[in-house]
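Residue-level structure breakdown
The residues making up each chain are set out below.
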Amino acid sequence: MTLTLSEFLAQIEAVSGATDVDPDAALVEISDIDSMDMMEWLYSFQSEHPEVGADPDIFENEDGSTTLRIVHDRLVKVAAAAA
Amino acid sequence: MQHMQITGWGKAVPDRVVTNAELAEKFDIDEEWIESRCGIRERRWVRDGETTASLAVDAGRAALEHAGLTADDIAHLVVATATPEQPSPATSAFVQHELGVAGSAHDVNAECSGFMYGLVHAYALMRVDPRPILLIGTDTHSLTANPEDRDLGILVGDGAGAVVLTPGESDWVLGWDLGAEGRWTSSLQAVCGGSRMPPSKEAIDEGLHYAKINGNEIYLNAVRLSVATARRTLDNAGVEVEDLALVIPHQANIRIINSIASHAGLDPDRVFTNLERYGNTASASIPIALDEAVGEGRIQQGDLIMLMGFGAGMTWGSMVLRWGGESKEAA
């Protein structure tokens, strides 16, 4: 699995309809993307890469500071661990 | 061989309409946000005195009337609910008494998949005892959601839907699938009130008797499990997705329904929805939608239709039916 940050952002934009998404904005501040958009992306990702074992934890956002760049970093780590 | 056919259907919903405007004010959120989040514009909530059983009785009467039968004709009553009249006895006992059903009565609890589980139970029961069955899906989740819980509060609606199932020579059921993955119990649960955590003042003060949802898990599993059950049932039935005249999914959330349709290859124009008016009525959502789909002429004699649901647990179920049964022309 080699999904670059820009590819990841493009996929999130395609799912949500959002444009020009800032990868460093806190998720809670991106009004055009909500949790169901993220789960919709995750469903497609899981279907395409079942070997990675990505789950909703990569979107964990308890303190409200998670960004899409952070999510992508987590995804890369999960994928590396699964490889 | 006697087969199962659907010869009556009906619904009952409370007359109290709860609009997004009312909930937007209650939860201090934007009215449009609610609709964009779930596709629901309004839902029906019970008033004092209305209960899971009272809605079931009204829906059951409507279905019996439509079938041209009386309660005396019913050999078995099956009530699907996750919001029972009271912890004991079963809700079906109250419904049986009120309707005057002559035969057996039992409950099925598979949360929002309850109607699908009940339908397959009835299908099996019909094979060993080919006499009329009344199947009712009924729920009042407005009473089990924490009044302060925005996430569930905007979704839930109350209602009941019923079908009368009678034996016949023509086979309506072409394929079905049921299943469960119990490792997802925490996706949607009310932890207090059973043997694991009996009711206590402390637990109730903490609101642990209210249902709590993990929306991300529900979304992901609902799509995954629904797409899988749809494929299995179509395969079991030997039917191509293009051949379906109508799909009636559990009316949970328009975005979940749209996702399921997209990933399962369903034609969106052939997916019936009415959740914008009723919200998520749990076990009742599929029979209510079936009643309306038939009433609106969306289902014609000979049509292939698929009913499919998912629920907490998580559970799922689906069935492909030939409306009116198999005939030489339709087969």
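Residues numbered from 1 in each chain as written. Chains lettered and ligands numbered in written order. Predicted model: local features only at pLDDT ≥ 70, side-chain atom pairs only at ≥ 80, totals over all residues. Heavy atoms only, no water.

Moving on, we come to the overall build of chain A. From N to C terminus, chain A includes 3 helices and 0 strands. Along chain A, helices and strands appear, N-terminal first, in the series α-α-α. Taking 2.2 N^0.38 as the reference for a compact globule, 83 residues should give roughly 12 Å; the C-alpha atoms of chain A span a radius of gyration of 12 Å, in line with that estimate. Along the longest, intermediate and shortest principal axes, the C-alpha atoms of chain A span 35 × 25 × 20 Å. Carbon together with sulfur atoms contributes 49% to the accessible area of chain A, which is approximately 4,300 Å² in total. (Helix = DSSP H or I, 4+ residues; strand = E, 2+ residues; numbered from the N terminus. Rg over C-alpha atoms; globule rule 2.2 N^0.38 Å. Areas by Shrake-Rupley, 256 points an atom, 1.4 Å probe, with all protein chains shown as cover.)

Another aspect to go through is the overall build of chain B. Summing up its helical and strand segments, chain B has 11 helices and 13 strands in all. Compactness check: chain B gives a C-alpha radius of gyration of 19 Å against a globular reference of 20 Å for 331 residues, within 12% of the reference. Principal-axis analysis of the C-alpha atoms gives chain B an extent of 60 × 45 × 35 Å. Considering chain B as a whole, with its 331 residues, one finds that 58% of them fall into the buried category. Pairs at least 24 residues apart make up 77% of the contacts formed inside chain B by residues separated by at least 6 positions. (Buried < 20%, exposed > 50% of the residue type's maximum accessible area, 1.4 Å probe, protein only. Contact = heavy atoms within 4.5 Å.)

Taken together, the contacts link 11 residues of chain A with 11 residues of chain B. Buried surface at the junction of chain A and chain B, both sides included, amounts to about 1,100 Å², of which 58% is carbon and sulfur. Considering only the surface of chain A that becomes buried against chain B, A:M36, A:M39 and A:Y43 emerge as the three largest contributors, covering 57% of it. At the junction of chain A with chain B, the criterion picks out 3 salt bridges. A salt bridge links B:R255 to A:D34; the nearest nitrogen and oxygen atoms lie 2.5 Å apart. Remark: the boundary between chain A and chain B carries 7 residue pairs in polar contact (both at pLDDT 80 or more). Taken together, the residues of the side of chain A that touches chain B break down into 5 nonpolar, 3 polar and 3 charged. (Buried area = accessible area lost by both parts, 1.4 Å probe. Salt bridge = Lys/Arg side-chain N within 4 Å of Asp/Glu carboxyl O. Polar contact = N/O pair within 3.5 Å; in protein donor to acceptor, adjacent residues only side chain to side chain. Nonpolar A, V, L, I, M, F, W, Y, C, P; charged D, E, K, R; others polar.)

Okay, the domain arrangement of chain B next. Residues and elements named next belong to chain B. By domain assignment, chain B separates into domain 1 (3–168) and domain 2 (173–322). For domain 1 and domain 2, the distance between their C-alpha centroids amounts to 14 Å. Contacts between the two partners involve 49 residues from domain 1 and, on the opposite side, 44 residues from domain 2. Interface of domain 1 and domain 2: buried area, both sides summed, is about 3,600 Å²; carbon and sulfur atoms make up 66% of it. Taken together, domain 1 and domain 2 are joined by 2 salt bridges. Of the charged contacts, one joins D291 and K11 as a salt bridge, the two residues approaching to 3.6 Å between their closest N and O atoms. Seen at the junction of domain 1 and domain 2, the total is 17 residue pairs in polar contact (both at pLDDT 80 or more). (Domains from an automatic or database assignment.)

All names here are of chain B. Here we have 4 strands laid out as an open sheet, ordered β8-β13-β12-β11, and mixed in their pairing. Two strands in the sheet have a free side with no partner beyond their single neighbour: β8 (173–180) and β11 (246–249). Within the sheet, the average angular offset between the axes of one strand and its neighbour, ignoring direction, is 10 degrees. Lying over the sheet, helix α5 (residues 114–128) contacts β8, β12 (304–311) and β13 (315–322), oriented at roughly 125 degrees with respect to β8. Sheet strands in contact with helix α11 (residues 285–295) are β11 and β12, and its direction is about 150 degrees off that of β11. (Pairing = 2+ DSSP bridges. Axes fitted to C-alpha atoms, helices over the stretch in contact; angles between N-to-C directions.)

Before going further, it helps to spend a moment on unusual backbone geometry. As a rule of thumb, non-glycine residues mostly have phi less than zero, and peptide bonds are mostly trans rather than cis. Residues and elements named next belong to chain B. Of note, the amide linkage connecting S88 to P89 takes the cis form, showing an omega dihedral of -5 degrees. Considering the arrangement of structural elements, one finds P89 in the loop between β4 (76–80) and α4 (91–99). At the junction of G313 and M314, the peptide bond is cis and its omega measures out at -5 degrees in the coordinates. Structurally, the position occupied by M314 is in the loop between β12 and β13.

Residue and element names in this part refer to chain B. The geometry of helix α1 (residues 20–27) relative to helix α2 (residues 31–38) is characterised by a closest axis approach of 8 Å and an angle of 110 degrees between their N-to-C directions. Taken together, α1 and α2 sit at an angle that is classed as roughly perpendicular. When the axes of α1 and α2 are compared, the crossing they make is right-handed. Across the interface between the two elements, N20, A21, L23 and A24 of α1 pack against E31, I34 and E35 of α2. Taken together, the residues that form the contact of α1 with α2 break down as 4 nonpolar, 1 polar and 2 charged. (Parallel < 35°, antiparallel > 145°, perpendicular 65-115°, else oblique. Left-handed = near helix turned anticlockwise from the far one by under 90°.)

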